[in-house]
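Chain residues, written in single-letter form:
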Number of protein chains: 2
Amino acid sequence: MTPLIREHALVEQLVSHLPRCAGQRNGLFESDAELVQVNEGTSLALAVTTDAIVEEIESGLYADPFLIGWMTVMANMSDLAAVGAEPLGLLIAETLPHDMLPSDRRALQEGIRDAALVVGTGVLGGDTNVGSHLHMTGTAIGIVRGGNAMSRVGCRVGDLVYATGPLGIGNAFAAATFMHTPGDPPRFRPRARIREGLFLRTFATSCMDTSDGLFATLDQLGRLNGIGFHLDQDWEGKIAPEARELALRAGLPPWMLLCGPHGEFELLFTVPSDVEQKMIESAASERLPLWHLGTVTEEPGVTLPRGGHFTPVALAAVQNREVRAASEVSSFLDFLRDIGECAQRSTER
Amino acid sequence: MTPLIREHALVEQLVSHLPRCAGQRNGLFESDAELVQVNEGTSLALAVTTDAIVEEIESGLYADPFLIGWMTVMANMSDLAAVGAEPLGLLIAETLPHDMLPSDRRALQEGIRDAALVVGTGVLGGDTNVGSHLHMTGTAIGIVRGGNAMSRVGCRVGDLVYATGPLGIGNAFAAATFMHTPGDPPRFRPRARIREGLFLRTFATSCMDTSDGLFATLDQLGRLNGIGFHLDQDWEGKIAPEARELALRAGLPPWMLLCGPHGEFELLFTVPSDVEQKMIESAASERLPLWHLGTVTEEPGVTLPRGGHFTPVALAAVQNREVRAASEVSSFLDFLRDIGECAQRSTER
């Protein structure tokens with residue numbers, strides 16, 4: 001029995017009685033965006049996804065209105081990227097507080113605008129409300145031409161694990177925000193990897209964005225595919241330099257930045273070893289960076305070099321602290337401490 | 001100069017700098033759902049829309065979790081209906097309060113489920129968050145085959161005005177809820193007119209749902225098309241019987257139920273007089289009810305039989321009371337009183 005993630009259990013309970021859609025291709029949790037067949041007999045599929053920015057606003061992690069607007073776009077676009085969809089556009093439902101400053105309102109819209117421009121999409125429409133609290137919900141609509149969307153399901157033992165960029169910046173930003181570390185906080189402006197997602201469709205056997213951090217992503221892929229991961233000898237070298245610097249200043253072991261729940265919105269994907277070389281060459285010619293992380297293993301969990309091993313049980317235990325874990329300052333620190341202890345215990349076995 | 005509606009001005013200000021989408025067919029405010037061309041050269045268009053239930057929850061108008069779930073679906077599906085789209089599915093982003101009762105959570109999901117079943121669609125996916133307040137955002141995805149989507153723009157002087165059902169139930173429900181009128185409150189379970197929308201695509205020159213009440217709908221169509229409306233002699237006869245009863249019990253003139261801001265989610269549409277007969281016959285054979293309301297006129301505003309006339313200025317003045325007008329008990333009553341005075345003044349000119 002794979003141990004339950006409480007947040008997944010809540011979602012399963014909520015959706016268990018809801019009617020499903022005839023054209024839907026993916027099952028629950030199986031892909032970052034929902035995949036829908038538009039017409040029978042055609043190879044055109046839609047990718048749609050919705051994401052609200054709630055805990056990050058309530059906890060104060062996203063306090064800058066520009067960042068809130070930016071993330072309302074990027075969190076959704078990143079889900080499109082992970083299935084290899086081409087964006088058609090965004091819908092933005094915003095609830096603005098009665099007393100929101102005009103300058104904050106402007107910054108919020110500028111964040112939406114700049115993020116949309118960066119990924120080359122636009123805003124189709126939305127819904128504007130005035131209410132007691134700032135609340136932002138984005139929806140991204142994309143299409144998958146040719147029908148070969150990526151999903152989280154499909155990786156096999158022996159596949160190689162890659163990411164589209166260095167990791168750890170989300171948790172470094174959270175640590176800097178919550179712990180008030182000395183020096184400038186690292187800049188947090190994730191970019192949805194749309195171009196990379198389109199490129200990867202030809203190669204990847206599974207793909208998921210790292211919006212919840214590397215370890216949660218590996219854990220989810222492991223559960224869905226009944227496999228585990230072995231990370232490379234130099235896996236801590238895949239941490240972004242500015243995240244590593246922050247960790248040093250804060251006195252945190254850098255690897256904790258890969259375990260925390262605040263991700264960097266890179267794509268994590270698997271490729272069969274016999275297409276690896278071709279992918280590397282194609283990526284080089286398109287100037288897309290690729291970061292080798294490890295290998296898919298038969299043994300579940302995440303195995304670290306030098307004997308460390310996170311079991312799914314340990315990962316679930318950490319993730320189950322509270323549904324709202326890591327959305328409050330003290331929870332975030334407890335989260336890091338606990339996952340550190342888990343790793344310690346696992347390493348000592 | 002058409003007077004500004006303040007809420008529209010806010011939306012215009014918010015979106016003015018946002019990038020638009022290449023495939024989008026409609027302009028701002030021009031249709032209930034956004035219309036997007038999927039592929040150049042095909043006649044397939046997507047209809048997408050997002051709607052959050054905010055003021056209704058904060059004001060206590062929707063206190064029943066089942067109704068909140070139901071409306072999260074129906075408000076969005078109604079926008080699809082108004083463009084004549086066929087639903088592909090829903091996305092639901094929900095933020096549930098930490099302390100929400102399991103029974104309330106269940107009722108919320110049942111509302112979503114029952115509403116989706118009634119309109120024959122399903123839930124593709126969503127986003128579940130835990131936060132300080134209940135917040136629900138729905139997104140509906142639909143397709144328009146053949147490309148002839150309906151919009152709010154296109155009606156001409158002389159066109160006839162129809163609705164898909166009797167009116168007033170939304171404001172009757174609001175009046176009963178806010179004024180605690182004696183007797184049972186009228187049942188409020190609007191049904192998105194998906195089937196009617198598909199039917200109307202062949203006939204209607206413009207279409208909009210009455211989610212904001214009849215007068216706001218007429219006012220919006222009037223502004224967009226540079227026209228006005230003359231209502232039929234027996235226009236008060238188009239009020240739903242249970243709404244009329246409520247008005248009598250509450251001591252409100254029944255016509256106020258058409259002026260308030262809480263609509264009934266019927267479709268309001270216009271047809272050229274030379275296709276009216278054919279439409280009536282087709283509707284009868286499909287057992288779709290049609291309610292004749294009036295005529296499109298050159299003079300702006302809404303003209304009532306026996307000399308009454310709401311000018312766009314009067315309507316704008318009422319709608320501009322506050323962006324959050326009518327989302328609080330006292331505002332709702334003030335709203336009704338003011339619009340009554342406007343009508344009075346107009347009638348006396």
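Worth saying up front: this structure is predicted, and the values here are computed from it rather than measured. (Residues numbered from 1 in each chain as written. Chains lettered and ligands numbered in written order. Predicted model: local features only at pLDDT ≥ 70, side-chain atom pairs only at ≥ 80, totals over all residues. Heavy atoms only, no water.)

Asker: Outline the overall build of chain A, supporting the account with residue identities and numerical values.
Answerer: Of the regular secondary structure elements, chain A holds twelve helices and twelve strands. Looking at chain A as a whole, 62% of its 349 residues are labelled buried. Across chain A, the fraction of contacts at a sequence separation of at least 24, relative to all contacts at a separation of at least 6, is 82%. Counting only carbon and sulfur atoms, one obtains 50% of the accessible surface of chain A, whose full area is about 13200 Å². (Helix = DSSP H or I, 4+ residues; strand = E, 2+ residues; numbered from the N terminus. Buried < 20%, exposed > 50% of the residue type's maximum accessible area, 1.4 Å probe, protein only. Contact = heavy atoms within 4.5 Å. Areas by Shrake-Rupley, 256 points an atom, 1.4 Å probe, with all protein chains shown as cover.)

Asker: Please set out the interface of chain A and chain B residue by residue, giving values where relevant.
Answerer: In this assembly, 62 residues from chain A lie in contact with 62 residues from chain B. Note on chain A versus chain B: buried area summed over both sides is about 5000 Å², and carbon and sulfur give 64% of it. Of all residues in chain A, Leu14, Pro19 and Leu124 of chain A give up the largest surface area on contact with chain B, accounting jointly for 12% of the area buried on that side. Seen at the junction of chain A and chain B, the total is zero salt bridges. (Buried area = accessible area lost by both parts, 1.4 Å probe. Salt bridge = Lys/Arg side-chain N within 4 Å of Asp/Glu carboxyl O.)

Asker: Break down the packing of aromatic side chains for me, with residues and values.
Answerer: All names here are of chain A. Here the structure, examined in full by the defined rule, presents twelve aromatic pairs over all chains. With 6.0 Å between their ring centres and 45° between their planes, Phe215 and Trp235 make a pair best called tilted. Of the two residues, Phe215 sits in helix 7 (residues 214-225) while Trp235 sits in the loop between strand 8 (228-231) and helix 8 (241-250), which places them 20 residues apart along the sequence. Among the residues examined, Phe215 registers a relative accessible area of 0% and is labelled buried. Three or more aromatic residues joined by ring pairs make a cluster, and in this case those are Tyr62, Phe173 and Phe188. (Phe/Tyr/Trp six-rings, centres within 6.5 Å; stacked < 30°, edge-to-face > 60°.)

Asker: Any details on the sheet that holds strand 2 (residues 45-53) of chain A? Residues and values, ideally.
Answerer: Residue and element names in this part refer to chain A. Strand order in the open sheet made by the five strands is 1-2-5-3-4, with mixed pairing throughout. Strand pairing shows two members of the sheet lacking a second neighbour, strand 1 (34-37) and strand 4 (123-131), which therefore form its edges. In this sheet, adjacent strand axes meet at a mean angle of 15° when their direction is disregarded. Relative to strand 4, strand 3 (residues 86-97) is paired through eight bridges, and the arrangement is parallel. From the neighbouring strand, Glu94 faces strand 4, where its bridge partner is Thr128. Lying over the sheet, helix 3 (residues 65-83) contacts strand 1, strand 2, strand 3 and strand 5 (135-144), oriented at roughly 145° with respect to strand 2. Sheet contacts for helix 4 (residues 102-118): strand 3, strand 4 and strand 5; angle to strand 3, the most-contacted strand, approximately 170°. (Pairing = 2+ DSSP bridges. Axes fitted to C-alpha atoms, helices over the stretch in contact; angles between N-to-C directions.)

Asker: Tell me about the packing of helix 3 of chain A against helix 4 of chain A, residues and numbers included.
Answerer: Residue and element names in this part refer to chain A. For the pair helix 3 and helix 4, interaxial distance at closest approach is 6 Å and the crossing angle is 35°. The chirality of how helix 3 crosses helix 4 is right-handed. For the pair helix 3 and helix 4, the contacting residues are Pro65, Phe66, Ile68, Gly69, Trp70, Val73 and Met74 in the first and Asp104, Ala107, Leu108, Glu110, Gly111, Ile112, Asp114, Ala115, Ala116 and Val118 in the second. (Left-handed = near helix turned anticlockwise from the far one by under 90°.)

Asker: So what's going on with unusual backbone geometry? Which residues, and what values?
Answerer: The backbone of Arg287 of chain A shows a phi angle near 55°, a positive value even though the residue is not glycine. Mapped onto the secondary structure, Arg287 of chain A falls in the loop between helix 10 (273-285) and strand 10 (291-297). Classification of Arg287 of chain A by relative accessible area gives exposed; the value is 73%. The backbone phi angle of Phe265 of chain B is positive, close to 65°, even though this residue is not glycine. With respect to the element layout, Phe265 of chain B can be found in the loop between helix 9 (256-259) and strand 9 (267-271). With a relative accessible area of 7%, Phe265 of chain B lands in the buried category.

Asker: So, the confidence of the model for chain A: which residues are in play, and what are the values?
Answerer: Residues and elements named next belong to chain A. When the pLDDT values of chain A are averaged, the result is 88; 87% of them are 70 or greater. Taken together, the stretch residues 322-327 has pLDDT below 50 and engages in 14 contacts with residues farther than four places along the chain or on a different chain. For this predicted complex, the interface confidence reaches an ipTM of 0.90, while the overall pTM sits at 0.91. (pLDDT = per-residue confidence, 0-100.)

Asker: Please set out the pattern of salt bridges residue by residue, giving values where relevant.
Answerer: On inspection of all chains with the given rule, the structure shows 16 salt bridges over all chains. We note a salt bridge from Asp64 of chain A to Arg189 of chain A, for which the minimum N-O separation is 3.6 Å. With Asp64 of chain A in the loop between helix 2 (55-58) and helix 3 and Arg189 of chain A in the loop between helix 5 (169-179) and helix 6 (194-200), the pair connects residues that are 125 residues apart, well separated along the chain. On the basis of relative accessibility, which here comes to 23%, the residue Arg189 of chain A falls in the partly exposed class. A salt bridge links Arg193 of chain B to Glu266 of chain B; its shortest N-O distance comes to 2.9 Å. Here the residue Arg193 of chain B occupies a position in the loop between helix 5 (169-179) and helix 6 (194-200), and Glu266 of chain B occupies one in the loop between helix 9 and strand 9, the gap between them amounting to 73 residues. In this pair, the class of Arg193 of chain B matches that of Glu266 of chain B, namely buried.

Asker: Account for the relation of the copies chain A and chain B, naming residues and giving values.
Answerer: Laying chain A over chain B is done by rotating through 180° and shifting 0.0 Å along the axis; what remains is an RMSD of 0.0 Å. The symmetry that links the two subunits is that of a two-fold axis. Mapped onto chain B, 100% of the interface residues of chain A again fall at the interface, so both copies present the same surface. (Least-squares fit on C-alpha atoms with pLDDT ≥ 70 in both.)

Asker: Run through the nonpolar core, naming residues and quoting values.
Answerer: If you look at the biggest cluster of nonpolar residues, it comprises 97 residues, and the most contacted ones within it are Tyr62, Met77 and Phe215 of chain B. Looking at this core element by element, the count peaks at 13 residues for helix 3 (residues 65-83) of chain B. Ala140, Ala240, Phe269 and Val296 of chain A belong to the second-largest nonpolar core, a separate cluster that totals 96 residues. (Core = buried A, V, L, I, M, F, W, Y, C linked by side-chain atoms within 4.5 Å.)

Asker: Outline the pairing of strand 6 (residues 160-163) of chain B, supporting the account with residue identities and numerical values.
Answerer: Residues and elements named next belong to chain B. Neither face of strand 6 is left uncovered, since the one carrying Leu160 and Tyr162 and the one carrying Val161 and Ala163 both have all their residues buried. Bridge analysis of strand 6 against strand 9 gives four bridges, and the strand direction is antiparallel. Within strand 9, the position partnered with Ala163 by the bridge is Leu268. Across four bridges, strand 6 lies against strand 10 (residues 291-297) in antiparallel orientation. Each bridged residue has a counterpart across the sheet, and for Tyr162 the counterpart in strand 10 is His292.

Asker: Describe in detail the sheet that holds strand 5 (residues 135-144) of chain B, supporting the description with residues and values.
Answerer: Residue and element names in this part refer to chain B. Overall, mixed pairing links the five strands, which are arranged 1-2-5-3-4 in an open sheet. Either end of the sheet is taken by a strand with one partner, and the two such strands are strand 1 (34-37) and strand 4 (123-131). Taking each pair of neighbouring strands and ignoring which way they run, the sheet shows an average axis angle of 15°. For strand 2 (residues 45-53) and strand 5, the ladder comprises nine bridges, and the chain directions are antiparallel. Note on strand 5: the bridge partner recorded for Ala52 is Thr137. Against the sheet, helix 3 touches strand 1, strand 2, strand 3 (86-97) and strand 5, its axis set at about 145° to strand 2. Sitting on the sheet, helix 4 (residues 102-118) is in contact with strand 3, strand 4 and strand 5, with an inclination near 170° to strand 3.

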